[in-house]
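# Analysis of the macromolecular model
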Amino acid sequence: MPDVMMAQYANPNQFGAPMEGDQDGYMQQDEEWEREGLLDPAWEKQQRKTFTAWVNSHLRKAGTQIENIEEDFRNGLKLMLLLEVISGETLPKPDRGKMRFHKIANVNKALDFIASKGVKLVSIGAEEIVDGNVKMTLGMIWTIILRFAIQDISVEEMTAKEGLLLWCQRKTAPYKDVSVHNFHLSWRDGLAFCALIHRHRPDLLDYSKLSKDNPLENLNLAFDIAEKYLDIPKMLDPEDLLNNEKPDERQIMTYVSCYYHAFQGAMQLEAVCCTNLTLDLSSSAMPDDRAVITCVSSYYHTFSGAQKAEMAANRICKVLKVNQDNERLMEEYERLASDLLEWIRRTLPWLESRQSGNSLTAVQKKLEEYREYRRKHKPPRVEQKAKLETNFNTLQTKLRLSNRPAYMPTEGKLITDIQRAWNGLLGSEKTFEEWLLAELMRLERLEHLAKKFKHKADIHEAWTSGKEEMLSSQDYKNCKIFELKAMKKKHEAFESDLAAHQDRVEQIAAIAQELNALDYWDSAAVNTRCQKICDQWDRLGTLTQQRRHGMDEAEKVLERVDSLHLEFAKRAAPFNNWLDGTREDLVDMFIVHTLDEIQGLIDAHAQFKATLGEADKEFTAIITLIHDCENFARQYNVPGATINPYTNLTGKDVQSKWNEVKTLVPQRDQTLQETTINQSIYRLSKLVLGLRGRWMLWQLLVGPWIERQMDAVAAIGMGMQGSLEEQLSRLREYEEAVYQFKPHLEELERINQQIQESFVFENRYTQYTMETLRVGWEQLVTSVNRTINEVENQILTRDSKGITQEQLNEFRASFNHFDKSRTGRLNPEEFKNCLISLGYSVGTDKQGEIDFQRILSIVDPNASGYVQFDCFLDFMTRESTDVDTAEQVIDSFRILAADKPYILPEELRRELPPDQAEYCIQRMQPYSGMDAVQGALDYMSFSTALYGESDL
């Protein structure tokens, strides 16, 4: 008997606290406001009435009763008498004096007797009872009720409150509008009391005429019948039950326990006498022996039959509950597996798609979607996969322990199928990310080339603007000779300029060709523009040749040459072209990824600046020619001498371009030093090196941590570190540590994203990659969950099989000793040696080999060639352990069917809870024997199917 804590009656600050050692929890209140109710005067009044009626129901057997519960027990005499009546034992002789110490002595004798029954009363003494403390007195009476009226109630290995509640639920299950879930609200309408009476004494009331809408009538009817026919006094007040928001649980438990004892004992015997016997012992001085024997045998068979039926129903309920629980696990597994496989099926096409639209923006969007997928969408699926494996292993363990056939998922939903689909998903993820990064680099290169093509094409088209019209003109036929010579020299300068532009045209064509090779999205427009430039270039060449030929024909007539203008034109034109090319190069755009590329640009610019001295000399010489020409014109007053017929260039043009070049040179310096260094080198050295450093530091933290956790979990999985509970506790700690460490992995993902967005895709400073860390993390999460599940299943196996921790350690040590490769499994030869090491006899002859193959078929039913530890453990314990069998279930059904080879639906509904009764009715096949009646069901094939091939 567990110790009983009486603090809720003795200490106002501890109302509702559970009794010390209250393993069943029937003293513990369910809600906070229930505790406050213990102080409610209304509840105190109700308990006083109920407990008084209960006490008097026993004291009247001794010819006495009490009127006031806290007054009549103060001298201890009636308290001792009550204990003698309900226990059937004799207490020490009471003290008959009326002094206070006499009363205390008597109460102490009663309390000592209660303590001798295993009840330890805390915070209560005889003085409180003698002083009439109502709280203490009510608490003491409740303790006596629990010990002598409720504690011994046992239904399906449940005791006290749970057993009594289960008994009520089973007895009232077939009745309409009755649902017993507790000992307060479930009884307010009175139907539950009436259902209990009708189930055992249908002759006392007609349940079909009762209504849920008449609770007061129902309660009065039940209490009157119980008092008149069942010898159960009225302990409850119907008005109190209806008016209280939540009736007192102790009152109802006390009252219902009287029903239990009445129907489980005397009522069965009374039913026999009332229905089957016509024996009148008082009518004869010497009763007939045969009549007495008949009467006694009727008592025996009625009581024995009812008890057998009760036990059979309990056994069937227990077996069916196992099957129902297993079916729920199977349905959950099927649902989770279908959902996970469907998610993988929907995800794979997206991961396998290689459509980028040749758009850098689109690829960047895809990369962000992929990161979102890794951060938010995949982690729940990793947990779902781990839960799926855990549920599967737990289900198989329960099936083995309950002697049920192993569960085989529907086609395509095996654990191996799910792992295969998951591995395919991991492979697709890896190739998808690699493609995204490669595509990002390719499109970034394309965007740069496209901008460069446009820039050079714009410059070329600006230069060629109007050139076709100029070359097509025949103005040289109408000019003077000096004008013709100047025009010819001008044309020669143009030809020199045209030749200098040949490189630019070739560069434009080369860029267009590279854009085509890289599959640029707007290649058609690039090709059209490039073709237009090339066609125009060919026309310019043809027109230039035609114009030169015409001017050569006209030159035969023209002789005078202005050498000064000619020399200026010859020198100014190339210098001008050099200036144009220089200006173009100085403003040319660039993009870099490494420090070497930046240094190359700086070195090339330094080489260019080294040629500026010679260019300055050339510029000075050209300007000198202009000055000489102007001096000559002023000196000799040559009309039109200031106008150079050989070139459109003027000193101002050259001066302007030269000044622009001299301005662009330091700007180029500044661009390379500030823009390139400050933006590219800073981004590459500061940001990238910083990110790489952070990346390396984080990887040095995350990578080894994951490896250490994997090793620690694997070591625990070997089972040599303390008891299973200790292993499970450490695994829970590792599980908590893993999820607390997850923000570090997310920080690493964020740094990796920043590095990729900086177009850096390699890190030679560490051996880890983001992909290996992701896979390692997922493997760690899976390993922790799988190991926890294995340990839980081992605990379940150990407890259900009744093996000790020492035995389990011995099995594990032997298994690990022969598992040399640490794979968690043994091949047949290792398994045989392991059995021998544990003292299992395996013969070396032919019969021994046959026996060993039989054992292998048990521990390795799928013929995989290996023996897992759980199968090994199950084998070592199962042959010495009792398990429920099909024969036991058949015998139980036969009892309920009154030895008939079939059972009727109404019999199932009468003896079993509603859900289990319907479970059987829906699955049992119709009985086809010669003696079959309408609705007969075959319980034998149903029971056999539970332990063999099944539709589960």
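Refer to the preceding data block for the structure.
Moving on, we come to the overall build of the protein chain. Looking only at helices and strands, the protein chain has 33 helices and eight strands in total. Of the contacts formed within the protein chain by residues at least 6 apart in sequence, a portion of 74% connects residues at least 24 apart.

Right, let's talk about helix H33 (residues 939-947) for a bit. The complete set of buried residues in H33 reads Tyr939, Phe942, Ser943, Leu946 and Tyr947. The buried residues of H33 occupy one face: seen down the axis, they fall within an arc of 135°. Two or three places before methionine 940, at the start of H33, stands the capping residue aspartate 938, its side-chain oxygen 3.1 Å from that residue's backbone nitrogen.

Topologically, asparagine 793 is positioned in helix H25 (residues 770-801). Since its relative accessible area comes to 9%, asparagine 793 is described here as buried. Within the structure, asparagine 793 has its side chain in polar contact with the backbone oxygen of asparagine 393 (distance 3.4 Å). Apart from the residues lying within four places of it in its own chain, the contact partners of asparagine 793 are Asn393, Thr394 and Thr397.

Summed over all chains, the structure comprises 60 salt bridges. The residue arginine 923 makes a salt bridge to glutamate 327 at a minimum N-O spacing of 3.1 Å. Residue arginine 923 is located in helix H32 (residues 914-923), and its partner glutamate 327 is located in helix H13 (residues 289-352); the two are separated by 596 residues in the primary sequence. Its relative accessible area of 11% is what places glutamate 327 among the buried residues. Between glutamate 660 and arginine 583 there is a salt bridge, and its shortest N-O distance comes to 2.8 Å. Taken together, the residues span a long stretch of sequence, with glutamate 660 in helix H23 (residues 651-717) and arginine 583 in helix H20 (residues 563-586) at a distance of 77 residues. Linked by salt bridges that have partners in common, Arg374, Lys378, Glu429, Glu433, Glu771, Arg774 and Glu778 make up one network.

Turning to the environment of histidine 501, a few remarks are in order. For histidine 501, the location among the structural elements is in the loop between helix H17 (481-500) and helix H18 (502-517). Distance in space between the C-alpha atoms of histidine 501 and tryptophan 537 is 9.6 Å, their sequence separation being 36 residues. Here histidine 501 is in contact with His460, Trp463, Trp537 and Asn577, once residues within four sequence places are set aside.

On to the packing of helix H8 (residues 160-172) against helix H9 (residues 191-200). Contact geometry for H8 and H9: axes closest at 9 Å, N-to-C directions at 70°. The angle between H8 and H9 falls in the class roughly perpendicular. For the pair formed by H8 and H9, the contact residues are Trp167, Cys168, Arg170, Lys171 and Thr172 on the first element and Ala192, Ala195, Leu196, Arg199 and His200 on the second.

This model, assessed by the stated rule, comprises 34 aromatic pairs. Consider the rings of phenylalanine 183 and tryptophan 187, whose centres lie 6.2 Å apart with planes at 5°: the pair is stacked. Overall, the relative accessible area of 0% leaves phenylalanine 183 in the buried class. Note on phenylalanine 193 and tyrosine 259: the rings are 6.0 Å apart at their centroids and 45° apart in plane angle, and the pair reads as tilted. One end of the pair, phenylalanine 193, is in helix H9; the other, tyrosine 259, is in helix H12 (residues 249-275), with 66 residues separating them in the sequence. Each member of the pair phenylalanine 193 and tyrosine 259 is classed as buried. Following the ring pairs from residue to residue traces out a cluster consisting of Phe183, Trp187, Phe193, Phe223, Tyr255, Tyr259 and Phe263. It is arginine 147 that lies over the ring of phenylalanine 148; its NZ or CZ is 5.1 Å from the centre. When the ring centre of tryptophan 463 is taken as origin, the NZ or CZ atom of lysine 467, which lies over that ring, is 4.9 Å away.

This brings us to helix H30 (residues 886-896). Buried within H30 are the following residues: Ala886, Val889, Ile890, Ser892, Phe893 and Leu896. For H30, the angular spread of the buried residues around the axis is 160°, confining them to a single face. Looking one or two residues past H30, alanine 898 carries a phi angle of roughly 60°, positive in sign.

The next point concerns unusual backbone geometry. Here the phi dihedral of aspartate 231 falls at roughly 60°; this positive angle occurs in a residue that is not glycine. Looking at the element boundaries, aspartate 231 is found in the loop between helix H10 (215-229) and helix H11 (238-243). With a relative accessible area of 52%, aspartate 231 lands in the exposed category. For alanine 863, which is not glycine, the phi dihedral falls at a positive 55°.

A word on the environment of serine 814. Note that serine 814 resides in helix H26 (residues 805-818). Overall, the relative accessible area of 9% leaves serine 814 in the buried class. For the pair serine 814 and serine 837, spaced 23 residues apart in sequence, the C-alpha to C-alpha distance is 7.2 Å. If sequence neighbours within four positions are ignored, serine 814 has contacts with Cys834, Ser837 and Leu838.

Interhelical geometry of H9 versus H10 gives an angle of 40° and a closest axis separation of 8 Å. On the basis of their axis angle, the class for H9 and H10 is oblique. Where H9 crosses over H10, the handedness of that crossing is left-handed. Residues Leu191, Phe193, Cys194 and Ile197 of H9 form the contact with H10, whose participating residues are Asn218, Leu219, Ala222, Phe223 and Ile225. Partitioned by chemical class, the residues of the contact of H9 with H10 number eight nonpolar, one polar and no charged.

Conventions adopted
- Residues numbered from 1 in each chain as written.
- Predicted model: local features only at pLDDT ≥ 70, side-chain atom pairs only at ≥ 80, totals over all residues.
- Heavy atoms only, no water.
- Helix = DSSP H or I, 4+ residues; strand = E, 2+ residues; numbered from the N terminus.
- Contact = heavy atoms within 4.5 Å.
- Buried < 20%, exposed > 50% of the residue type's maximum accessible area, 1.4 Å probe, protein only.
- Arc of directions from axis to C-beta.
- Polar contact = N/O pair within 3.5 Å; in protein donor to acceptor, adjacent residues only side chain to side chain.
- Salt bridge = Lys/Arg side-chain N within 4 Å of Asp/Glu carboxyl O.
- Axes fitted to C-alpha atoms, helices over the stretch in contact; angles between N-to-C directions.
- Parallel < 35°, antiparallel > 145°, perpendicular 65-115°, else oblique.
- Phe/Tyr/Trp six-rings, centres within 6.5 Å; stacked < 30°, edge-to-face > 60°.
- Lys NZ or Arg CZ within 6 Å of the ring centre and 35° of its normal.
- Left-handed = near helix turned anticlockwise from the far one by under 90°.
- Nonpolar A, V, L, I, M, F, W, Y, C, P; charged D, E, K, R; others polar.

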